[in-house]
Each structure stands twice: as C-alpha cells, then as structure tokens.
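# Per-entry structural report
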Amino acid sequence: VKLKGPAFPSSSKTIKQLIPASRLNPSIQYYIRAYVWDNSSGKYIYSDVSQIQLAAQPEPISLSWTEESYSELPSAVKVYKTTSTMEGRNFNAWYAIADPKEVDFRVIYPEAVGSKQTVATQATNAGDCYVLINGAIFGNYNIGAIITEGSMTQQWHGEIEGCYWATDNQLYNITRAMIGVDSNGNPGAYWVGVPSQNRFFYYSSPMTSVVGQAKYDSVSETYPYPCVEWDPYYAISCGPMLVYDGKIMVDHSKAGSHYMTNYECWDANGVYYGNPDRTALGVTEDGKIVLFVCDGRIDASKGAYLPELARIMKGLGCKYAMNLDGGGSTGMWVKGPGMVNYKDDSWRTVKSTCGFFAK
C-alpha cells in the first residue's frame, strides 16, 4: 500500500506496507486504503481506495517417493526418499512422518553442556530417538525461541531479543515462525513475539516488517494482532514460515533490493537466496509432523529455492510448514542407518534439533 493520494502533497513520502497471505483469501477481492495521522490538522488522512486480490497460489510440487525399510523404527514412524528430478534438476530428499500422539515430538537444545553437537551426537545422547533433524539457525547463539518441557529454554539473545538486525543495519521488531506440540501431542503453528525476558505472545499472522520501510512497534497482547492462546510443550522457532493454513507464504518478489515476504527480516543472502541443502518442519491437515531434508550443491542433488521448498512441503500434505537451518547444517539421523543425507562424512555441529522419540 502506498501512502499517496489526493490528500497527500506530491512531495510526501511513499511507504510500503504489506498484508500477509495469512490474512487474505485468494478467492476474495479486497478494497483497501491507507491512512496516517496528520499532526498539523489533528486528524487522519486517507489514501484513495485500491483493489487487491491475492495472486493465484503456486501449484504444489509432487515427487516420486519410496518408503525406506528400517527394522529399528516402529510402524508409527515412516521414512521416505526420492532420487528424482525437480524443476529439471537432480534432487535427493528424505522426509519422516509420524503422529505426535503415537510417538513424542521433542526439541533438543543442549546449551547446558556448553557447546554445539552434531545431530548424530544429540540423537545418541537422547537414547530413545527414532528420527532427528537439525533445528534453528544459529551463530554464537541460537536465533529464535525454543520451548522444552513447557518452558522457554531459549529466547532471543541478549539486548536484541524480539528484534533483529536486518541487512540495512537497522533494528526491526519482528515475529518469528514457530511450530510445536502441546503436552497432549496436538501440533500448532504460529508466529512468536518476545518483547522482553519471560514475555512472549503467539499470533496467527506475522508482523509484516519490510527492510528499508516503516518500522513497527514492539509486540504486545493486542499488537500487531490480538494474540492467541497456545501452550506448547515442545516448540522451535525459525523461519520463514513456508506454508500457513494451506497458503504458501514466500516468493521472490522484492521491494527495492529486499524480499517483500521476508517479514521476519532474515539475512536474505543466507535464507532466501540460492538453492542449497534445505531442512523444514511441517504439520499435515490430519495433525502429523513432517521432518524434511534435501541435499544441495552436489552433482547428485542441486537443492531447492525457498519457494520450491514451500511447494514441496505443500505437496507432502502440509497445512503448515517452516524453514529450518539449511546448508552445511542440514542433517537427518534415523535409528539404524544413522545419518542419511550427504555431507561427505563431516556433519556440522548445531545448536538445536527436533524429531521423533519413544513415548
């Protein structure tokens, strides 16, 4: 929405504001106008009315999957592999699927031991793990919030919790994608905002921050939307959200040099750009959890662009899906064979993991 119209002087600033796909129905045409508070007149000034409609949703990507047979897995956990082509490129990928009411879905955050660990090490140390994948993006600390056994184990780090330094070296208030389960194994997917230590709120739509555009205030119980009640027992935040309520949330459209659907202000060069190895977490229409990884940057598998990853997750039946750390962090461990994706026997140590465990 451009804050420009007959009521605005020609020299007025144009500000881009976004409405996320999570708040729009693709079959409905909307009539909208923007408004600003004018200090000189003491009243709101409105733009002209504009007509908008959500673009047609991209088609899901359907691949040919083969079920893998692993004797040490229970029947409640299924693992599938594809070695096919995707958008004309070689593509190797795996996904595991299970009902969190039949097996536990857990998040591991081994901060207590004082160092990062490989996915295989975290799986082995857990003792009762069936399938484990790498989790959130990290540097010297985990980026985002993590909940284990009902408590916020990891919040946004230090003085910038709830905010993020974007690529224009400005600090933006943000919400981050989060997926998890409650104590009864019911999955949920929301955006989490953390305004301060020990305060966090969940929303069914993201704060639509756009790098280089107007900033939003910090989140609250009613801002940017009324928060929703959710009591996750295990949950992990990362992002961006790929699919929400069946709608694909990411594309490569830009505002200037910045991706418009990068609401969470991720470093676009590390998340949006390119087609590397990818990791994702999803929830199907019937409440199953999907753990996904694909190889990238090798001749046998060229990886996936972010919008392709969203289409793949939707093709697997995901109503909700979230991007996790990718590239050199991507890894899937399965009880029996161990690590299944390609990493030339050198898997990166990571800050967090999530996966399926014995109940």
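A short tour of the structure in this document, coming up. Quantities reported herein were computed from a predicted structural model and do not represent experimental measurements.

Now for the overall build of the protein chain. Broken down by element type, the protein chain carries three helices and 27 strands. Relative to the 2.2 N^0.38 estimate, which gives 21 Å for 359 residues, the radius of gyration of the protein chain is 21 Å and therefore close to what a compact globule would have. With the principal axes as the frame, the protein chain shows a C-alpha extent of 75 × 45 × 35 Å. Considering the protein chain as a whole, with its 359 residues, one finds that 55% of them fall into the buried category. For the protein chain, the exposed area adds up to about 15800 Å²; of that, 45% sits on carbon and sulfur atoms.

With that out of the way, let us pick up empty space enclosed by the protein. Applying the stated criterion across every chain, the model contains one cavity of 30 Å³ or more. When its volume is computed, the largest cavity comes out at roughly 40 Å³. In this structure, the largest cavity is lined by W191, P240, M241, M249, V250, T261, Y263 and E264. Considering only residue class, the lining of the largest cavity consists of six nonpolar, one polar and one charged.

Glancing now at the sheet that holds strand β7 (residues 89-98). The sheet built from eight strands is open, its strands ordered β5-β6-β7-β23-β22-β24-β18-β19 with antiparallel pairing. Two strands close off the open sheet at either side, each with one partner strand: β5 (66-67) and β19 (247-248). Along the sheet, helix α3 (residues 306-315) contacts β6 (78-86), β7, β18 (241-244), β19, β22 (278-284), β23 (289-294) and β24 (318-324); its crossing angle with β22, the most-contacted strand, is approximately 35°.

The next point concerns the nonpolar core. Ranked by size, the top nonpolar core spans 87 residues in total, and within it V131, F292 and F356 carry the most contacts. Apart from residues no more than four positions distant in its own chain, V131 is found in contact with L73, V77, V79, A96, L291, M332, W333, V334, C354, G355 and F356. Within the second largest apolar cluster, ten residues are counted, among which are V119, L132, M339 and V350.

What follows covers the environment of S75. You can see S75 is positioned in the loop between β5 and β6. A C-alpha to C-alpha distance of 22 Å links S75 and G331, two positions 256 residues apart in sequence.

Let's shift gears to the sheet that holds strand β25 (residues 332-334). Read from one edge of the open sheet, five strands run β8-β27-β9-β25-β26, paired in antiparallel fashion. A single partner strand is all that each edge strand has here, and the edge strands are β8 (104-108) and β26 (338-339). Where β8 meets strand β27 (residues 353-357), five bridges bridge the pair, whose relative direction is antiparallel. Within the sheet, the bridge partner assigned to I108 lies in β27 and is T353.

Quick look at the pattern of salt bridges now. For the structure on display, the rule yields 13 salt bridges. Between D128 and R106 there is a salt bridge, with its nearest N and O atoms 2.9 Å apart. Here D128 is found in the loop between α1 (119-126) and β9 (129-134), whereas its partner R106 is found in strand β8, with 22 residues between them in sequence. Residue classification places D128 among the partly exposed positions, given a relative accessible area of 25%. For R106, a relative accessible area of 18% gives the class buried. Through salt bridges with shared partners, one network takes in D104, R106, D128 and K359.

With that out of the way, let us pick up α3. Counting buried positions over the ten residues of α3 gives eight, a clear majority of the element. All of the buried residues along α3 are L306, P307, E308, L309, A310, R311, I312 and M313.

With respect to the element layout, R176 can be found in strand β14 (residues 176-181). Assessed through its relative accessible area of 0%, R176 is described here as buried. Only 2.9 Å separates the side chain of R176 from the backbone oxygen of E264, close enough to count as a polar contact.

When you tally the buried positions in β22, you get seven out of seven residues, the bulk of the element. Burial along β22 is two-sided: the residues R278, A280, G282 and T284 and T279, L281 and V283 are all buried. Taken together, the six bridges between β22 and β23 define a ladder with antiparallel strand orientation. Directly across from A280, in β23, lies its bridge partner F292. Linkage of β22 to β23, two consecutive antiparallel strands, is achieved through a turn of four residues, within which G287 is found at a positive phi near 85°. In this structure, β22 lies alongside β24, joined through six bridges in antiparallel fashion. Among the inter-strand pairings, V283 is bridged to a residue of β24, identified as Y320.

This part is about the pairing of β24. Among the seven residues in β24, six count as buried, and that is most of the element. Sheet analysis places β18 next to β24, joined by two bridges and oriented antiparallel. Each residue of the ladder has a partner; that of V243, found in β24, is A321.

Conventions we followed
Position numbers for residues count from 1 along each chain, tracking the sequence in the order it is written. Only residues with pLDDT of at least 70 are given local features in this predicted model, and only at 80 or more are side-chain atom pairs given and counted; all residues enter the totals for whole chains, interfaces and linings. Neither water nor hydrogens contribute to the side-chain values; these are computed over all heavy atoms in the structure. We count a stretch as a helix when DSSP gives it H or I for four or more residues in a row; a strand needs E for two or more, and each element gets its number in order from the N terminus. To get the radius of gyration, use the C-alpha atoms; to get the globule rule, take the number of residues to the power 0.38 and multiply by 2.2 Å. Here the term buried applies to any residue with accessible area under 20% of the maximum for its type, exposed to any over 50%, and partly exposed to those in between, with areas from a 1.4 Å probe on protein chains only. Methods summary: accessible areas were calculated by the Shrake-Rupley approach with a probe of 1.4 Å, and residue burial reflects only the protein chains presented. Grid points spaced at 1 Å over the protein atoms alone were grouped into cavities, where a 1.4 Å probe fits but cannot get out, and pockets, open sets with protein on both sides within 12 Å along at least five of seven lines, with lining residues defined by an atom within 4 Å of a point. Grid points are joined across faces, edges and corners, and a volume is the space filled by probe spheres set on the points. Under this grouping Gly is polar, as are all residues other than the nonpolar Ala, Val, Leu, Ile, Met, Phe, Trp, Tyr, Cys and Pro and the charged Asp, Glu, Lys and Arg. When DSSP finds two or more bridges between a pair of strands, those strands are recorded as paired. Whether two residues are in contact is decided by their heavy atoms, any of which lying within 4.5 Å being enough. Between N-to-C directions, angles span 0 to 180 degrees; the directions come from axes that are lines fitted to C-alpha atoms, helices contributing only their stretch in contact. Only buried residues count toward a nonpolar core. Its members are Ala, Val, Leu, Ile, Met, Phe, Trp, Tyr and Cys residues joined through side-chain atoms within 4.5 Å. In the sections that follow, a salt bridge refers to a side-chain nitrogen of Lys or Arg positioned within 4 Å of a carboxyl oxygen of Asp or Glu. In the analysis that follows, any N or O atom pair within 3.5 Å is treated as a polar contact, provided that within protein one partner can donate a hydrogen and the other can accept it, and provided that, for residues neighboring in sequence, both atoms belong to side chains.

So yeah, pure geometry; function would need other evidence.
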